[in-house]
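# Overview (structure and organization)
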Amino acid sequence: MLTLNDVVIRYGSAVAVDGVSLSVERGEMVALVGPNGAGKSSLVNAISGVVPVASGSIRLDARSAQVPEGRQMFADMSVEDNLRLGAWKSKDRDPAPIYEMLPDLQRLRRQKAGTLSGGQQQMVAVGRALMAKPELLLIDELSLGLAPLVVAGLADHLQKLNREHGTTILLIEQEIALAFRLCERAYVLEAGRIVASGESAELALDPALRDAYLGGEVGGTPRREDAS
Amino acid sequence: MNDFITYLVSGVAIGCAFALIGSGFVVVHRVTRVVNFTQGTLAVFGGLIASTLLKGALPHGIAEIVAVLSAGVIGLIFGFIATGKRGTPPLISLLITLGLSTLSAAFFILFWGQNPISPPGIGGATDVLGARIETQRLLVVVVTVIAFVVLSLFFDRSYVGKGLTAAASNPRAARLVGINVRWMGFLSFGIAGVLGGLAGVLIAPTNAVSFASDLPLALGGFAAAVFGGLVSVWRTLLGGIVLGVVGQLVAGYLSGSYQTEVALLMMLAIMIVRYKSLSAEEAK
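Everything in this summary refers to the structure shown in the same document. (Residues numbered from 1 in each chain as written. Chains lettered and ligands numbered in written order. Predicted model: local features only at pLDDT ≥ 70, side-chain atom pairs only at ≥ 80, totals over all residues. Heavy atoms only, no water.)

Below, the discussion takes up the overall build of chain A. Looking only at helices and strands, one finds 10 helices and 9 strands in chain A. The C-alpha radius of gyration computed for chain A amounts to 17 Å, which stays within 12% of the reference 17 Å derived for 228 residues, consistent with globular compactness. Considering only C-alpha atoms, chain A reaches an extent of 50 × 45 × 30 Å along its principal axes. When contacts within chain A are restricted to residue pairs at least 6 apart in sequence, long-range pairs at least 24 apart make up 69% of them. (Helix = DSSP H or I, 4+ residues; strand = E, 2+ residues; numbered from the N terminus. Rg over C-alpha atoms; globule rule 2.2 N^0.38 Å. Contact = heavy atoms within 4.5 Å.)

Shown next as structure tokens:
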């Protein structure tokens, strides 16, 4: 569905992404993790077509939509207008299916998006992206700045979306434990290069990765799940 | 008293023209962050094209509509020239619009000569509280109010209008949902052309326009737009009317040559008073 081959992205003379190859198959939920400034956002913006690729190729044979970092609301417009604008390129602008999937949004539909909490805005951002009826959903930072409970709720919605609607998801996430828990497969990006990839369960056991990124956090994750 | 009412109504009428021109500034600035200094020029285009079409025996109504739409197309072309190159900074685009405005003045002299031209309006006069007022001036007010209602319905209710607002409010998100932000910018210039053209068509029968009218019209419009913080069209309407009335009263009781100075002083005063809120809005 999505294949990146040796992709290089530059901003002036700075190289943000340096020869990345990866692939996502239909129906998968794949994570792209790594520290701040690793080039994750550049990569996802290139897939969305808003950042040019200096060399290499991106092959995407599906409709995609992005949930951008920082949620990027149309702040002075209502939730419903935000959703309807998500369908800019399609004829079907009825938000009813989104309300069915994310009932909280129906309650908030007349509120201005700028007045919502971070978690509510993230839900609007997801809903707005879903209005384009994407086969591939790109999520740039799901958990950033949100309370764990809110993140857990959003994560449930994504898993449901993936399992019940068959939407393929590429999740960009700094909180690696969360990414590994949600996605069966992951790529680790560091300084513009893929440094590790494979099954999340195996990556989580990799001692080098544990030391570098996880700080023993992986062990904590199942306990959190038990509690919920 | 009669003099006062005459000044008041003609002030409101010219203020409406300023407001139409000013709302053109607002629409373009909201979407592109460019201050479009062809705004007065577009009004002159409207007035002059209408005069030529009327001389060519097109009937009233059709001539004016064609002139307004032509100004819209010219606005679109200006927008394409000023902002068409990807990544042009707003300040450079502003300079390009200044250049286009100067170039247009030469074009006006070439095709319409140097003398002010006043196409025929609807003619006649109407009694307003005992004062005889040219009916054209009342028409200006009525058409302007309709134009503002249509403009705000367009932005608040129509999908394309919402797309324009979205492109203005968050260009990055707009791009991600597939809105072509550059095309929205061109469209805003086209709308500004229609608004400017409308101002020119309406005002020319009572206030003749020439190649030199663009600056006073643009200044009046800009002052009105600054009154609206360069974001609100309704406050721009209010600003235009205040400016028009004060200008006419000054011209009537003091001297006609002070009108432009009044616009400049008002702009200066508003900018100083509103400086904080303006810069806060910019920061958003």
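Let's shift gears to the overall build of chain B. The helix and strand tally for chain B stands at 11 helices and 2 strands. Put simply, chain B runs from its N terminus to its C terminus through helices and strands in the order α-α-α-α-β-β-α-α-α-α-α-α-α. The C-alpha atoms of chain B give 18 Å as radius of gyration, which agrees with the globular expectation for 284 residues (19 Å, within 12%). Across its three principal axes, chain B shows a C-alpha extent of roughly 60 × 45 × 35 Å. Counting all 284 residues of chain B, 54% fall into the buried class. As displayed, chain B offers around 12500 Å² of accessible surface, 71% of which is attributable to carbon and sulfur atoms. Looking at chain B, you have 16 positive and 9 negative side-chain charges, and the mean spots of the two groups are 17 Å apart. (Buried < 20%, exposed > 50% of the residue type's maximum accessible area, 1.4 Å probe, protein only. Areas by Shrake-Rupley, 256 points an atom, 1.4 Å probe, with all protein chains shown as cover. Lys, Arg positive; Asp, Glu negative; His and termini not counted. Charge placed at Lys NZ, Arg CZ, Asp CG, Glu CD.)

Before going further, it helps to spend a moment on helix H10 (residues 233-253) of chain B. Helical geometry note: an α-helix holds 3.6 residues per turn, so side chains three or four residues apart project in the same direction. All names here are of chain B. Between its terminal C-alpha atoms H10 stretches 30 Å, which fits the 30 Å expected from 21 residues at 1.5 Å a residue. Residues Val233, Thr236, Leu237, Gly239, Gly240, Leu243, Gly244, Val245, Gly247, Gln248 and Val250 constitute the buried set of H10. For H10, the N-terminal cap is Ser232; the gap from its side-chain oxygen to the backbone nitrogen of Arg235 is 3.1 Å. (Expected span 1.5 Å × (residues − 1). Polar contact = N/O pair within 3.5 Å; in protein donor to acceptor, adjacent residues only side chain to side chain.)

Residues and elements named next belong to chain A. Within the secondary structure, Gly19 is located in strand E2 (residues 14-24). As for Gly19 and Ile194, which are separated by 175 residues in sequence, their C-alpha atoms are 8.4 Å apart. Leave out the neighbours within four places in its chain, and Gly19 touches Asp6, Val7 and Val8.

The subject of this paragraph is the packing of helix H2 (residues 39-55) of chain B against helix H8 (residues 181-203) of chain B. Residues and elements named next belong to chain B. As a packed pair, H2 and H8 sit with axes 6 Å apart at the nearest point and diverge in direction by 55°. The angle between the axes of H2 and H8 places the two elements in the oblique class. Considering how the two elements wind past one another, H2 and H8 form a crossing that is right-handed. Across the interface between the two elements, Gln39, Leu42, Ala43, Gly46, Gly47 and Ala50 from H2 touch Ala192, Gly193, Gly196, Gly197, Gly200 and Val201 from H8. Residue composition of the contact of H2 with H8, by class: 5 nonpolar, 7 polar and no charged. (Axes fitted to C-alpha atoms, helices over the stretch in contact; angles between N-to-C directions. Parallel < 35°, antiparallel > 145°, perpendicular 65-115°, else oblique. Left-handed = near helix turned anticlockwise from the far one by under 90°. Nonpolar A, V, L, I, M, F, W, Y, C, P; charged D, E, K, R; others polar.)

Turning our attention to the interface of chain A and chain B. The figure often quoted for interface size is the accessible area lost as the parts come together. Of the residues lining the interface, 20 residues belong to chain A; the matching set on chain B comes to 17 residues. Summed over both sides, the interface of chain A with chain B buries roughly 1700 Å², with 64% coming from carbon and sulfur. Looking only at chain A, the three residues that lose the most surface to chain B are Gln72(A), Phe74(A) and Trp88(A), adding up to 38% of its buried area. Linking chain A with chain B are 1 salt bridge, by the criterion used here. One salt bridge in this structure joins Asp81(A) and Lys162(B), with 2.8 Å as the shortest N-O distance. On inspection of chain A and its partner chain B, the count reaches 5 residue pairs in polar contact (both at pLDDT 80 or more). Sorting the residues of the side of chain A that touches chain B by element identifies helix H1 (40-48) and helix H2 (79-86) of chain A as the ones contributing at least two each. Take the side of chain A that touches chain B: its biggest share by element is 4 residues, from H2(A). Of the residues that constitute the side of chain A that touches chain B, the class distribution is 9 nonpolar, 5 polar and 6 charged. (Buried area = accessible area lost by both parts, 1.4 Å probe. Salt bridge = Lys/Arg side-chain N within 4 Å of Asp/Glu carboxyl O.)

Residues and elements named next belong to chain B. In strand E2 (residues 131-134), alternate side chains face the same way, and those of Ala131 and Ile133 are buried while those of Arg132 and Glu134 on the opposite face are not. Direction of pairing for strand E1 (residues 125-128) relative to E2: antiparallel, over a ladder of 4 bridges. Note that in E2 the partner of Val128 across the bridge is Ala131. Counted between consecutive antiparallel strands, the loop separating E1 from E2 contains 2 residues, among which Leu129 sits at a positive phi close to 50°. (Pairing = 2+ DSSP bridges.)

Glancing now at the packing of aromatic side chains. Residues and elements named next belong to chain B. As enumerated under the stated definition, the model contains 16 aromatic pairs over all chains in all. Where Phe37 meets Phe222, the ring centres are 5.6 Å apart and the plane angle is 45°; that geometry is what we call tilted. Note that Phe37 is positioned in the loop between helix H1 (2-32) and H2 and Phe222 in helix H9 (residues 214-227), a separation of 185 residues in sequence. The structure contains a cluster of three or more aromatic residues connected by ring pairs, namely Phe45, Phe78, Phe107, Phe108, Phe111 and Trp112. A cation sits over an aromatic face here: Arg30 above Phe155, 5.2 Å from the ring centre. (Phe/Tyr/Trp six-rings, centres within 6.5 Å; stacked < 30°, edge-to-face > 60°. Lys NZ or Arg CZ within 6 Å of the ring centre and 35° of its normal.)

All names here are of chain A. If you walk across this open sheet you meet the 6 strands as E5-E6-E7-E3-E8-E9, and the pairing is mixed. Strands with a single pairing partner mark the edges of an open sheet, and in this sheet they are strand E5 (64-67) and strand E9 (193-199). With strand direction ignored, the average angle separating the axes of adjacent strands in the sheet is 15°. The strands touched by helix H6 (residues 148-164) are strand E3 (29-33), strand E6 (136-140) and strand E7 (168-173); relative to E7, the strand with the most contacts, the crossing angle is about 155°.

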